[in-house]
Structure formats: C-alpha cells, structure tokens
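# Reading the structure
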Amino acid sequence: MKEAEDCFLKVKKDYLKLIHKEKIFDKSISEKINNLKKVYIPISFWIENKYKKKGKTLFLGFSGGQGSGKTTAVKILKIILKKFFKRKVHVSSIDDFYKTLKDRNRMSQNIHPLFKTRGVPGTHDINLVKKFFDFVKAKRFKKTKLPKFDKSIDDRSKKKYWFKIKEKPEIVILEGWCVGAKPQSNFLIKKPVNLLEKYEDQDLTWRYYVNAKLKEEYKKIFAMIDSYIFIKIPNFKMVFKWRFLQENKLRQKSQFRKKIMSFNEIKRFIMFYQRITLQMVKDLSKSASVVMLLNKNHKITKVIFRS
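So, here's what we can say about the structure. This structure is a prediction, so every number in the text was calculated from the model and none was measured. (Residues numbered from 1 in each chain as written. Predicted model: local features only at pLDDT ≥ 70, side-chain atom pairs only at ≥ 80, totals over all residues. Heavy atoms only, no water.)

### Focus: the overall build of the protein chain
Regarding its fold elements, the protein chain presents 12 helices and 10 strands. For a compact globule of 307 residues, the expected C-alpha radius of gyration is about 19 Å, and the protein chain comes in at 19 Å, within 12% of that figure. Considering only C-alpha atoms, the protein chain reaches an extent of 60 × 45 × 40 Å along its principal axes. Each of the 307 residues in the protein chain was classed as buried or not, and the buried ones make up 50%. Of all intrachain contacts in the protein chain linking residues separated by at least 6 positions in sequence, the fraction that spans at least 24 positions is 74%. Of the accessible surface of the protein chain, which amounts to about 16,300 Å², a share of 53% is contributed by carbon and sulfur atoms. (Helix = DSSP H or I, 4+ residues; strand = E, 2+ residues; numbered from the N terminus. Rg over C-alpha atoms; globule rule 2.2 N^0.38 Å. Buried < 20%, exposed > 50% of the residue type's maximum accessible area, 1.4 Å probe, protein only. Contact = heavy atoms within 4.5 Å. Areas by Shrake-Rupley, 256 points an atom, 1.4 Å probe, with all protein chains shown as cover.)

See below:
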C-alpha cells in the first residue's frame, strides 16, 4: 500500500502534464487522479512483477478499438515504469510498421483495391516487427532504428525521423488496434458485416487475404508476445465517435491539413476495421491477461487481472 502511494507521489506531476498535453479536458481532476491510482499504477505493478518473474525482456501487447485511448494509456504506463520502477521501456505502435504508400498502391493493383487503405492485417511490414523482436532477444544488442509512420501524409516518414533505440529495453510494448487479433472461420468470413464488405468485396478476396495474414505472419508475431492488455469498448458505434475526436486532434496538431479525414471519410474508414475489432472484443475479453472496461463516456469502469 505504501509502495503504491510512493509511486503516486513520484509520477503524479508527469502524469498530469501528459494528460494536459494529450488535450484530455473532458475529465475532472478527481477522475484523472482516480484513474492514476486505481488503473495505471496497479497495471504498472503487474507489469513490473511480470518482468521480474521472467527475468529478461518482457514483451507486452496492448490493444483496443480505434479511439479507445490505448496510445495515451501506454504513454502513462511508460512514465510510471520509467520514473518509479527505473525500467528501460520501448513502445512501438504497429501503425509505425505500415507498408509505404507505394507498396500499398501496388497491393491495391495486384490483390484488391481496398488494400490502398492502411489498417488491416496485410498492410503492415510484419518482417520489420519480427526483426525488431529478434534483435531485442539477441544476446548482443546494438543501436538500431525503427520506422515511423506519419498519418497526416499517409506514408512512412523519412529515415532521418525514425526512432533511435540506443540500449536494450527491459520492457517492450507493441500497441495497436489489431495486436493479438485471431483469424476467423471461413463461415464467418462469408457474411459481410457492413456496406464496404457487401459492395466492395463481393468475391471475398480482400477478406480472405486479411484472414490468411492473421493465420500466418501475424500469428507468429503475436505468439512472441508474453502477455496482452486489452481495452474493451462498449460497442462499435463508439469507435466512430472517438475516432472523429481523434481526427480533430490530429487536425489541430498537423501542418498537412489535406490528409486529415472528413466526417464521411471516417465513417467509411472504420468499416475496414469493424470485422476484426468485433472479433477481438469476443476473443481478447476472455484471453487477455488484463482487461480495461470502458463505458460510453470513455470512462474506465473496471480493470480485470487474469494472470
């Protein structure tokens, strides 16, 4: 109990500074403090215990629906793990491993037009993720660089802007909406879940290809992850609402206004994610080691620890 209080006092200032920077103004100060005490500090202690038990680099997967707040949540956990536990933490977003716009254009011509849009399994360079994981697991560690994706231009950043990793991390967190996703049966694949699938993937080529990627490359990567933390959204309708708010934040930050999505573009965009998001709610709600339950007001109502 005292250790948790010490942790709170140590990280409170940096936590509130981050919350302000992330423009989270819709929560009261008491709710923000409560989240730190009841959600993020207990999860951080859980991660620290997992790391100590393993005794070497711990690989965590962190996922949740679009706009659920996973990126901010991971930033908070990183602050606590670094500031209080003195851990070397590296966070990678699976978004940063997207294939280049040129590669996705090629996929859209050779496989299916829907692959021009980033997001689904098949649009990431999974080999780069595997190389990074293998690199961290190796006994000898050398400085390395990891790609950075710029959503405002819908393409990978130039190499001079890539992430530099100078020392071996003790905790690696891979966050992203589809991290830990499992493939579906062919029976489920055949039934469209929205208008995009019904009218733009009538022969099922896109759906089958995405599912095949989950069965093969993505399954191998996800198997390398020790434990999963999952943010469970109340329903898929909230994804649109939260994604819209997210896009407005990006609009405020970005100098490249032309690539920020409009209301109708977001509505279409989230259809690409719907099938896998709904399946993940079913699967990871049961299999993830830690589940954070969100309500419609974007409030974390409960944290479930399984292992």
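Additional details are given in the paragraphs that follow.
### A closer look at the pattern of salt bridges
Counted under the stated rule, the structure contains 18 salt bridges. A salt bridge links Asp-134 to Lys-130; its shortest N-O distance comes to 2.8 Å. One end of the pair is Asp-134 and the other is Lys-130, both in helix 5 (residues 126-137) and 4 residues apart, which spans about a single turn. Residue classification places Asp-134 among the partly exposed positions, given a relative accessible area of 33%. Note on Lys-130: relative accessible area 37%, which makes it partly exposed. By sharing partners, the salt bridges in this structure join Glu-48, Lys-52, Arg-87 and Glu-170 into a single network. (Salt bridge = Lys/Arg side-chain N within 4 Å of Asp/Glu carboxyl O.)

### A look at helix 5
Here helix 5 spans 17 Å end to end across 12 residues, near enough to the 16 Å set by a 1.5 Å rise per residue. On its buried face, helix 5 is in contact with strand 1 (58-64), strand 2 (89-93), strand 3 (144-146), strand 6 (163-165), strand 7 (171-175) and helix 9 (217-223). (Expected span 1.5 Å × (residues − 1).)

### With respect to the sheet that holds strand 2
If you walk across this open sheet you meet the 6 strands as 2-7-1-8-9-10, and the pairing is mixed. Across the chains shown, the open sheet's two edge strands, defined by having one partner strand only, are strand 2 and strand 10 (300-305). The sheet shows a mean angle of 15 degrees between the axes of neighbouring strands, taken without regard to direction. Bridge count between strand 9 (residues 290-294) and strand 10: 5 bridges; the pairing is antiparallel. The partner of Val-291 across the bridge, within strand 10, is Ile-304. Where helix 2 (residues 29-54) meets the sheet, it contacts strand 1, strand 7, strand 8 (227-232), strand 9 and strand 10, and its direction lies at approximately 20 degrees from that of strand 10. Strands in contact with helix 5 are strand 1, strand 2 and strand 7; relative to strand 7, the strand with the most contacts, it is inclined by about 170 degrees. (Pairing = 2+ DSSP bridges. Axes fitted to C-alpha atoms, helices over the stretch in contact; angles between N-to-C directions.)

### Section: helix 12 (residues 271-287)
For helix 12, which comprises 17 residues, the first-to-last C-alpha distance of 25 Å matches the rise-based estimate of 24 Å (1.5 Å per residue) to within 8%. Bending of helix 12 peaks at approximately 30 degrees at the position of Val-281. Where burial is concerned, most of helix 12 is hidden: 12 out of the 17 residues are buried. The set of residues buried in helix 12 consists of Phe-272, Tyr-273, Gln-274, Arg-275, Ile-276, Thr-277, Gln-279, Met-280, Val-281, Asp-283, Leu-284 and Ser-285. (Bend = angle between axes of the 7 residues up to and from the residue.)

### Quick word on the pairing of strand 7
Among the 5 residues that make up strand 7, 5 are buried, leaving the element largely enclosed by the rest of the structure. Both faces of strand 7 are covered, namely the face carrying Ile-171, Ile-173 and Glu-175 and the face carrying Val-172 and Leu-174. Alignment of strand 1 against strand 7, held across 5 bridges, turns out to be parallel. Note that in strand 7 the partner of Phe-59 across the bridge is Val-172. Pairing of strand 2 with strand 7 involves 5 bridges; the strand directions are parallel. Among the inter-strand pairings, Ser-93 is bridged to a residue of strand 7, identified as Glu-175.

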